[in-house]
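Secondary and tertiary structure notes
Here is how the chains run, residue by residue.
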Amino acid sequence: MKLTYKTFLLEFKHPFGVSSNTRKETPTIFIQLELNDFKGYGEACLPVYLGETTHEALSFLEKAKMVLEKITAVDDLSKLIVEINLLDKNNNAAKAAIDIALHDLVGKIKKQAVWQLYDLPEVLPRATSLTIGIDKEEVLIQKIKEAEEFSILKIKAGTDNDKDLIQLIRRYTRKPLYVDVNQGWKDKERVLDMMFWLKEQNVILVEQPMPVEMKKEMTWVTERSPIPTIADESVKRLKDLQALNGEFSGVNIKLMKCTGISEALKMIDYCKKNKQLVLLGCMAESSCATSAMAQLMGYADYIDLDAPLLYKNDPFEGVKYKNGYVFLSDRPGIGLEPKKDPEIIWSDNL
Ligand code: MG
């Protein structure tokens, strides 16, 4: 099996603001695995807040290359993914890239979509939220207009004037909202007051209201909150989910945090058995990783898979969006095809 990779800068249509920063682009690495005449694609999306650098991810891919070079047939996909995982303690995004590409490759060889490989229920189109980053009033209004066909909006909050922000949005739309605080609130009593206020504003859920280390305060809030609290920064992998002790009502599962489809499925299974809500989310990824995650939509309580819509230079075609719904393509694997333009030249390794 041959591994090639290419670094790429995904460019936002609008600069993207969260409580800690605003950025214009996201570095990502696309990988290709080739076996016989089949090609599988994967992605390691590396926004700064993930804390994994391109340099580290590329060194990990070089390590993985040595393992994958020896593979002539994928007889046991899960065993191979475990082996890749054991190469390093970190580099979750690079691990996810390989997991995604392996699933794509095996799906193409077997002429099945990933959900069929695992015998999951058929994936039907699902409504996704569309994320509106922190921005100036006139830009927010423009974004709300552009989001007309989406039935749910996700608002990036976590500043001192979140009530003003929500009230401003409410002047232009009554749509249900997901609010992502990105650890921005610190006072548990005020957080709980906000939860009640947000419920009145037709907010469906709040993601990561408080900093990761404020576990006791988070449990206190979740026990009393009238709307679900969803972990994001607090839960990367299955072990983090297992370590929770009532802090949240559910979890935002992302392939870049959890090392890929294989572990995401284990996390979903754990959530179902432990009455935790499942939000399927994404980093600011291209269609590549998002199409992979969309294969698991059948099991989610909430879908937040809008990232490809935020970019102007996505080099792949995979999931489709219509009337605010995410549709899988009918291609095998993760359902992906590289666009002809812009073309990625895979032989051009760094
Ligand atoms: Mg989040």
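So, how was this worked out
Residues numbered from 1 in each chain as written. Predicted model: local features only at pLDDT ≥ 70, side-chain atom pairs only at ≥ 80, totals over all residues. Heavy atoms only, no water. Axes fitted to C-alpha atoms, helices over the stretch in contact; angles between N-to-C directions. Helix = DSSP H or I, 4+ residues; strand = E, 2+ residues; numbered from the N terminus. Parallel < 35°, antiparallel > 145°, perpendicular 65-115°, else oblique. Contact = heavy atoms within 4.5 Å. Nonpolar A, V, L, I, M, F, W, Y, C, P; charged D, E, K, R; others polar. Domains from an automatic or database assignment. Buried area = accessible area lost by both parts, 1.4 Å probe. Salt bridge = Lys/Arg side-chain N within 4 Å of Asp/Glu carboxyl O. Polar contact = N/O pair within 3.5 Å; in protein donor to acceptor, adjacent residues only side chain to side chain. Pairing = 2+ DSSP bridges. Expected span 1.5 Å × (residues − 1). Buried < 20%, exposed > 50% of the residue type's maximum accessible area, 1.4 Å probe, protein only. Donors = N, O, S within 2.8 Å, 3.2 Å for Na, K, Ca; no water.

**Looking at the packing of helix α6 (residues 162-170) against helix α7 (residues 188-200)**
Where α6 contacts α7, the two axes come as close as 12 Å, and the packing angle between them is 5 degrees. Taken as axis vectors, α6 and α7 run roughly parallel relative to one another. Of the residues in α7, those touching α6 at D162, K163, I166 and Q167 are M194, W197 and L198. Residue composition of the contact of α6 with α7, by class: four nonpolar, one polar and two charged.

**Considerations on the domain arrangement of the protein**
Segmenting the protein into domains produces domain 1 (2-112) and domain 2 (126-338). Of note, the centres of domain 1 and domain 2, computed from C-alpha atoms alone, are 22 Å apart. Contacts between the two partners involve 37 residues from domain 1 and, on the opposite side, 41 residues from domain 2. Counting the surface lost from both domain 1 and domain 2, the interface buries some 3300 Å², and carbon and sulfur atoms represent 63% of this. Where domain 1 meets domain 2, there are zero salt bridges. Between domain 1 and domain 2 we count 14 residue pairs in polar contact (both at pLDDT 80 or more) in total.

**Looking at the sheet that holds strand β7 (residues 177-180)**
With respect to topology, eight strands assemble into an open sheet ordered β5-β6-β7-β8-β9-β10-β11-β12, the strand pairing being parallel. The two strands at the open ends of the sheet, each matched to only one other strand, are β5 (129-132) and β12 (302-303). Of the strand pairs in this sheet, strand β9 (residues 229-231) and strand β10 (residues 250-253) are connected by two bridges, and their pairing is parallel. Within the sheet, the bridge partner assigned to A231 lies in β10 and is V251. Here α7 sits on the sheet and contacts β7, β8 (203-207) and β9; the angle it forms with β8, its principal contact strand, is near 145 degrees.

**With respect to the sheet that holds strand β4 (residues 126-127)**
Read from one edge to the other, the open sheet built from three strands follows the order β4-β15-β14, with strand pairing classed as antiparallel. The open sheet has two free edges, formed respectively by β4 and β14 (320-322), since each of these has just one partner strand. As paired elements, β4 and strand β15 (residues 325-327) share two bridges and run antiparallel to each other. When the sheet's bridge partners are listed, A127 is paired in β15 with Y325.

**Examining the side chain of D240**
Positionally, D240 belongs in helix α9 (residues 238-242). Here the side chain of D240 touches K239 through a polar contact of 3.5 Å, side chain to side chain. With residues up to four places along the chain from it excluded, the contact list for D240 reads S234 and V235.

**Considerations on α7**
Over its 13 residues, α7 runs 19 Å from end to end, which matches the ideal 18 Å to within 8%, given 1.5 Å per residue. Within the sequence span of α7, burial applies to V191, L192, M194, M195, W197 and L198. Downstream of α7 by a residue or two, N202 has a phi angle that is positive, lying close to 60 degrees.

**Section: the pattern of salt bridges**
Within this structure, the stated rule accounts for 18 salt bridges. The residue D180 makes a salt bridge to K154 at a minimum N-O spacing of 3.8 Å. Residue D180 is found in strand β7, and its partner K154 is found in strand β6 (residues 152-156); the two are separated by 26 residues along the sequence. As far as burial versus exposure is concerned, D180 and K154 are alike and both buried. We note a salt bridge from K154 to D304, for which the minimum N-O separation is 2.6 Å. Here K154, found in strand β6, pairs with D304, found in the loop between β12 and β13 (316-317); they are 150 residues apart in sequence, far enough to count as distant. Of the residues examined, K154 reaches a relative accessible area of 4% and is grouped as buried. Members of the salt-bridge network, linked through shared partners, are K154, K156, D180, E207 and D304.

**Section: the coordination of the magnesium ion**
Note on the magnesium ion: its protein donors are D180 (OD), E207 (OE) and D232 (OD). The metal-donor distances range over 2.1 to 2.3 Å. Mapping the donors of the magnesium ion onto the primary sequence yields the spacing D-x26-E-x24-D. Highlighted residues: D180 in strand β7 and D232 in the loop between β9 and α9, separated in sequence by 52 residues. Each member of the pair D180 and D232 is classed as buried.

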